[in-house]
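Residues per chain, in single letters:
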Amino acid sequence: QIIPMMWDQKENYNSNGFALAFALNVPMAHVGAPSGYSDKAIAAVARPAVAASVPAEKPDIVVVMSESFWDPTQLPGVAITPDPIPHVRALRSGSMFSPEFGGMTANIEFEALTGFSNAFLPAGSIPYQQYVRAPIPSLATFLKSEGYEARAIHPGTNWFWNRANVYADFGFDDFQSQETLPPMRLRGPLASDASMTDEIIKEADATEEPFFFFAVSLQNHGPYEPNRYTDATHTVQAPISQWAQDSLLSYAEGASDADKSIERLVEWARNRERPTVIAFFGDHLPPLGPVYVETGFLKDNVAPRREAADQMQLHHETPLIVWSNRSGPVKDLGAVSPAFLPYEILKTAGITHPYYTGFLGDLKKQYAVVDRNMLMKPDGETVMDWSRQKQVDPAVRDFRYLQYDMMFGKRYGAADFFPETVNKTAHTS
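These numbers were taken from a predicted model, which means no experiment stands behind them. (Residues numbered from 1 in each chain as written. Predicted model: local features only at pLDDT ≥ 70, side-chain atom pairs only at ≥ 80, totals over all residues. Heavy atoms only, no water.)

Draft legend 1. Representation of the confidence of the model for the protein within the structure. Looking at the protein as a whole, its pLDDT mean stands at 93, while 93% of the residues score no less than 70. In the predicted structure, residues 425-429 sits below a pLDDT of 50 and forms eight contacts with residues beyond four places in sequence or in another chain. (pLDDT = per-residue confidence, 0-100. Contact = heavy atoms within 4.5 Å.)

Draft legend 2. Inspection of the side chain of E203 at higher detail. If you trace the backbone, E203 turns up in helix α9 (residues 193-205). E203 sits in the buried class, given a relative accessible area of 9%. At 2.7 Å, the side chain of E203 forms a polar contact with the side chain of R151. Other than its neighbours up to four places away in sequence, E203 contacts R151, I153, Q176, L181 and F213. (Helix = DSSP H or I, 4+ residues; strand = E, 2+ residues; numbered from the N terminus. Buried < 20%, exposed > 50% of the residue type's maximum accessible area, 1.4 Å probe, protein only. Polar contact = N/O pair within 3.5 Å; in protein donor to acceptor, adjacent residues only side chain to side chain.)

Draft legend 3. Summary view of the environment of A335. The topology assignment puts A335 in strand β13 (residues 334-336). With relative accessibility at 13%, the residue A335 sits in the buried group. A C-alpha to C-alpha distance of 13 Å links A335 and A309, two positions 26 residues apart in sequence. When sequence neighbours within four positions are dropped, the list of residues in contact with A335 reads S95, E317, A368, V369 and M376.

Draft legend 4. Spatial organisation of the pairing of strand β1 (residues 60-66). Of all seven residues that make up β1, seven are buried, and the element is covered over most of its length. Every second residue of β1 is oriented toward a common face, with D60, V62, V64 and S66 on one face and I61, V63 and M65 on the other, all of them buried. Both β1 and strand β10 (residues 276-282) contribute to a ladder of seven bridges, which runs parallel. Of the residues in β10, the one forming a bridge with D60 is T276. Bridge analysis of β1 against strand β8 (residues 211-216) gives five bridges, and the strand direction is parallel. Of the residues in β8, the one forming a bridge with V63 is F214. (Pairing = 2+ DSSP bridges.)

Draft legend 5. Expanded view of the sheet that holds strand β15 (residues 374-376). Reading across the sheet, the three strands line up as β14-β15-β16 and stay open at both edges, with antiparallel pairing between neighbours. Either end of the sheet is taken by a strand with one partner, and the two such strands are β14 (369-370) and β16 (382-384). Alignment of β14 against β15, held across two bridges, turns out to be antiparallel. For V369, the partnering residue across the bridge sits in β15 and is M376.

Structural data, given as structure tokens:
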């Protein structure tokens, strides 16, 4: 009856008892300094070639992390009609290479907001729970320093994944959650994507200053019980059990609703006078369990932690859109880690930053994916089990140095790479 409830440490301790909950957290409690880390090592990291700058007409930025959004037509032997995600398919820029499978949303969120990587943290750890205990630089921190309003929106509870505290440490001005949002329309048992999109548009239209909104949807969260929607408009054909077909239909309907919501958000932005950048991506593949096994997509209900490179791509890539109402969708991004999303967003917005477009931009020329088990170059070439090698590529080593420095270390590199954090509240380990 032991269930590690890592998403809610208070309940973890209440349910499992102090000793057991403490023991479950011990493996992630300490993050040691990487070999060679020092003030001289940080000083030796190549100086960024860019300084922070924002266009005179500051682009508004909306990022939507869509719960479990994925293309279910990738399942072998499955036909879903009509196409559940036509708009995402038309606008798609590339793929997000998620560090997780079927859950652990907060870990994808951590990378996408900070530009740091889970690859350098203990396996099984959740930065939102274990490590974010003081201000950490993020997109919100930087954009706020440039006069932006930074707001997070999620129609779930504010305590889940410790988001209320984390968003404050990331520099957000405000976090609108279930506790503070107006009543949201339900679609199935959860707040609808359409209702969340309504809220994004309403708040954007009422905001005079340039803004950065980070929204996390809830509607298509698993499990995907059959008959979740009584007004399903899709059909599923596949040589699988009726239960699996019905479960997949529930998922496909939710994915379709997310697709319609991003279409609406893009149409709204297309008609705006202010420059607007929108990013949209799925956090991880959905927890479809038996559907994967019955279709032959997986041997078990979840993907292995380590597998061949082509299988890791199949089991970890979700659709990614980076779009601007000035230039349309960014094309041919390929697969990228969430940590590179800040780079793609700021580049599209015409914004420069010493770390997000400087260091990360240079790193991405060498590796587009930095995962615990795999590095992938922009041309698709992969390096497996890189962390077990005696010699790690200096670019990846420096990435780890900077992340450790800002999260756990002395912040030697703050002035050069995160000047907006200088003279802010000092970090304490």
